[in-house]
Amino acid sequence: MSDFLVKIENNTYSIDILDTKKVKVNDEEFEYQLNFSDNGECVLNFGNKIYDATILSHNDSLITLAINNDVFEIEVKDKTEQLLEIFNKGREEKFKDVVIKAPMPGLVLKILVNIGQKVEKGSSLLILEAMKMENEIKSYTTGVVKEIRVQEKTSVEKGDVLIILE
Amino acid sequence: MIKKISKILIANRGEIALRVIRTCKDLGIKTVSIYSEIDRYLPFVMLADEAYCIGHATPAETYLNKQKIIDIALKSKVDAIHPGYGFLSENPEFSKMVQDSGIIFIGPPPEAIKKMGDKILARRIVSSASIPIVPGTDAPIHNLQEAVDFGKKYGYPILLKAAGGGGGKGMRIVNFESELSAAFRAAQSEAKTAFGDDRIYVEKYLENPRHIEFQILCDNFGNGIHLGERECSIQRRHQKIIEESPSVIITPELREKMGYAAVKAALSANYINAGTIEFLVDKQSNFYFLEMNTRLQVEHPVTEMITNIDIVREQINIAEGNRLSYSQDKINFKGHAIECRIYAEDYEQNFMPSIGTIKKLYPASGAFIREDRGVNEGNEISIYYDPMISKLIAWGETREIAINRMLRALEEYKISGIRTNINACKWIIQNKKFVDGDFDTHFIENYFDPELVKNKNKDILKALAILTAVYVNNQKSVTNHSLKDKSVSKWRVKKFENFR
């Protein structure tokens, strides 16, 4: 087992950190130089290129990072977490709930679905008004509406749970 | 009567307030900014000669607060008010209140705003000056049935539009009669929130048109000129993203014809000051009057770049009661200019506005690049106002050079902390259809795919895997003492020390 298992955009990398200059990626050794500053800025020399990234958030094993105006969500699992995952495999629930959260604060104008309704990927779930615009909140997956946590004409904060699909 | 203007209040915020302040400084005119509490740290507040807080945050209590703005104007003894774009810029009541307070309104007189700002009245005026218009209802409709009847008569698609304002708000395209009732409700409620006016009118929706507008200037003596066209077809939900001048489809003959129509349209409404006449142009180069914007446009810099005319300066000159500084034959167009509007929005999530603090901002610069930006690193993009961060403008001797320069600028530009459409712009200007000039107003919905934008190059992914693994590894060894200081980041403290 390697030090870290990193999942990014459907690719998985096994990383072993040998020291502050050498790292193994999928059993191949590379040289690198990496500096961090207090505010999450990092500069990495790898290959013949320089990467300038910003760590935006770090929750449990999930890191959100910005580079070249793109944002990546990266899952990093250390040895303990990798072991835990192996242990938990098969014990996981068959159906996992999908939580639709408010991407920004705003006013719930209209709820477009009912409990029990089947929705497709891309179906509109509700209309959230923010910045003078009506924004359609769409489902990013197929599922059935299990719970509606908000009411029409109420305000929500960023990250509030709107709808739960199963 | 000529009255020299020596002090101006800017009744706006963000980049356009700063844009006006800059010209004022060029002319030795003193400036007054008004600002909401949450805008306190923005450059337009810092760079004005005087700044007055006008309220907390919502547009209604701040930048739409007519009486309070006039009170501040009187108190600070300004000669004139510049309204920028949006907010009160096309509000005839405000223009009238300003005039009645003995202050110059830098923009058209209230009657002209009323005529041309009311989209229905404008169509009537323009059409009687024998300028072609798109078929539509010449009065706001009273109920859904009238829209249904219109659809039956002219066929679908039809367009529902707010009578009270533009910017894509309160606007819906309806392809089938079955969609009409829901779209009508949505357009009405959006128009009500955005403009306090839920009147809707209906017009025939032209398919695959190009959106081309003409910048015009008119003085108090009945003189009018145009400063050429701006191609604004690259838009999403009627919100423009990329504009350029000249347009690849406009020949010198067509420019002359459309420019003449634009000036005639403005003069037929006794229009004074800067304005924009928007046209739709179909595949056969037929043009139809769409609407007039009775204000300075967001995209005015592309015109400035190819004419070398400072439009805000001309606005002030006209407002002082002077004649136009140029006659039509003195207007020369040089090279090509492109503007990209940089918005705080997430193109991966259907261009949802992205709010938050700008953690990092490395602007683009270099030869022939202009940037009009209203925020700096450390500033906040809030839910209260438009999410535009900046306008990036590139000039080149040819369109090809201008596009390459824009690409260079977008590659230099880095923002983090909020999502932006920078990479979406990069994708657009490299798209073959765009490069070939072969596009219409449906370009984004037909061709844009967020999956194509994000750079998922294997080298980058590998680099990020190393970076995050080392980061987590380091965090583990320092977890204990980094935990206690989590509420306020050191960077923020440092940043705001400068303001004390």
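Conventions and cut-offs
- Residue indices follow the written sequence of each chain, beginning from 1 at its first position.
- Chain A is the first chain written and ligand 1 is the first ligand written, with later ones labelled in order.
- Totals for whole chains, interfaces and linings use all residues, but because this is a predicted model, local features are given only for residues with pLDDT of at least 70 and pairs of side-chain atoms are given and counted only at 80 or more.
- Side-chain figures throughout are based on the complete set of non-hydrogen atoms in the structure, without hydrogens or water.
- Helix and strand labels come from DSSP, where a helix needs a run of H or I of at least four residues and a strand needs a run of E of at least two; each type is numbered from the N terminus.
- Values of the radius of gyration come from C-alpha atoms, whereas the globule rule sets the reference at 2.2 Å times the count of residues to the power 0.38.
- Here the term buried applies to any residue with accessible area under 20% of the maximum for its type, exposed to any over 50%, and partly exposed to those in between, with areas from a 1.4 Å probe on protein chains only.
- We call two residues in contact when some of their heavy atoms are within 4.5 Å.
- When DSSP locates at least two bridges between a pair of strands, those strands are taken to pair.
- Orient the strands so they point away from the viewer, and a crossover whose first-strand-to-second-strand path over the helix runs clockwise is right-handed.
- Lines fitted to C-alpha atoms define the axes, with helix axes restricted to the stretch in contact, and inter-axis angles between N-to-C directions lie between 0 and 180 degrees.
- Oblique is the label for every angle not falling under 35 degrees (roughly parallel), over 145 degrees (roughly antiparallel), or within 65 to 115 degrees (roughly perpendicular).
- Three classes are used, and their members are as follows: Ala, Val, Leu, Ile, Met, Phe, Trp, Tyr, Cys and Pro are nonpolar, Asp, Glu, Lys and Arg are charged, and the others, Gly among them, are polar.
- What gets called buried area is simply the loss in accessible area from a 1.4 Å probe that two parts show on being joined, summed for both.
- Salt bridge, as used here: a side-chain nitrogen of Lys or Arg that lies within 4 Å of a carboxyl oxygen of Asp or Glu.
- Here a polar contact is taken to be a pair of N or O atoms separated by no more than 3.5 Å, where protein atoms must pair a possible hydrogen donor with a possible acceptor and residues adjacent in sequence count only if both atoms sit in side chains.

1. What to know about the overall build of chain B
Inference 1: Each helix and strand counted, chain B has 18 helices and 22 strands in total.
Inference 2: A compact globule built from 500 residues should have a C-alpha radius of gyration of about 23 Å, and chain B, at 23 Å, falls within 12% of that.
Inference 3: Counting only C-alpha atoms and orienting by the principal axes, one finds that chain B spans roughly 75 × 55 × 50 Å.
Inference 4: The burial tally for chain B puts 60% of its 500 residues in the buried class.
Inference 5: At a minimum sequence separation of 6, the contacts of chain B that also span at least 24 residues come to 66%.

2. Regarding the pairing of strand β1 (residues 7-10) of chain B
All names here are of chain B.
Inference 1: Of the two faces of β1, both are covered, the one formed by Lys7 and Leu9 as well as the one formed by Ile8 and Ile10.
Inference 2: Here 4 bridges tie β1 to strand β2 (residues 30-36), and the two strands are oriented parallel to one another. Residue pairing across strands places Leu9 opposite Val32, the latter belonging to β2.
Inference 3: After leaving β1, the chain enters helix α1 (residues 14-26) and then returns to the sheet as β2, a path that is right-handed.
Inference 4: Relative to strand β4 (residues 80-82), β1 runs parallel, the two sharing 3 bridges. When the bridges of β4 are listed, Ile8 appears paired with Ala80.

3. Brief notes about the sheet that holds β2 of chain B
Inference 1: Pairing is parallel across the open sheet formed by 5 strands, whose spatial order is β3-β2-β1-β4-β5 (chain B). The sheet terminates laterally at β3 (50-55) and β5 (104-105) of chain B, the two strands that pair on one side only.

4. Some remarks on unusual backbone geometry
Glycine aside, residues mostly have negative phi, and peptide bonds are mostly found in the trans state.
Inference 1: The residue after Tyr156 of chain B, namely Pro157 of chain B, is reached through a cis peptide bond having omega 0°.
Inference 2: Cis geometry marks the peptide bond from Ser245 of chain B to Pro246 of chain B; its omega dihedral reads -5°.

5. Some details on the packing of helix α5 (residues 110-117) of chain B against helix α6 (residues 119-128) of chain B
Residue and element names in this part refer to chain B.
Inference 1: Where α5 meets α6, the axes come as close as 5 Å, and the angle between the chain directions of the two elements is 90°. With respect to α6, the element α5 is oriented roughly perpendicular. Residues Lys114, Lys115, Met116 and Gly117 of α5 pack against Lys119, Leu121, Ala122, Ile125 and Val126 of α6.
Inference 2: In terms of residue class, the contact of α5 with α6 is made up of 5 nonpolar, 1 polar and 3 charged.

6. Here's the deal with the interface of chain B and chain A
How big an interface is tends to be reported as the loss of accessible area on association of its parts.
Inference 1: With 57 residues of chain B in contact, the opposing surface of chain A contributes 54 residues.
Inference 2: Interface of chain B and chain A: buried area, both sides summed, is about 5,100 Å²; carbon and sulfur atoms make up 65% of it.
Inference 3: The largest share of the area that chain B buries against chain A comes from Ile466, Leu467 and Tyr471 of chain B, three residues that together contribute 12% of it.
Inference 4: The tally of links between chain B and chain A comes to 6 salt bridges.
Inference 5: Among the salt bridges present, the one from Asp52 of chain A reaches Lys360 of chain B, with a minimum N-O distance of 3.2 Å.
Inference 6: At the junction of chain B with chain A, the criterion picks out 17 residue pairs in polar contact (both at pLDDT 80 or more).

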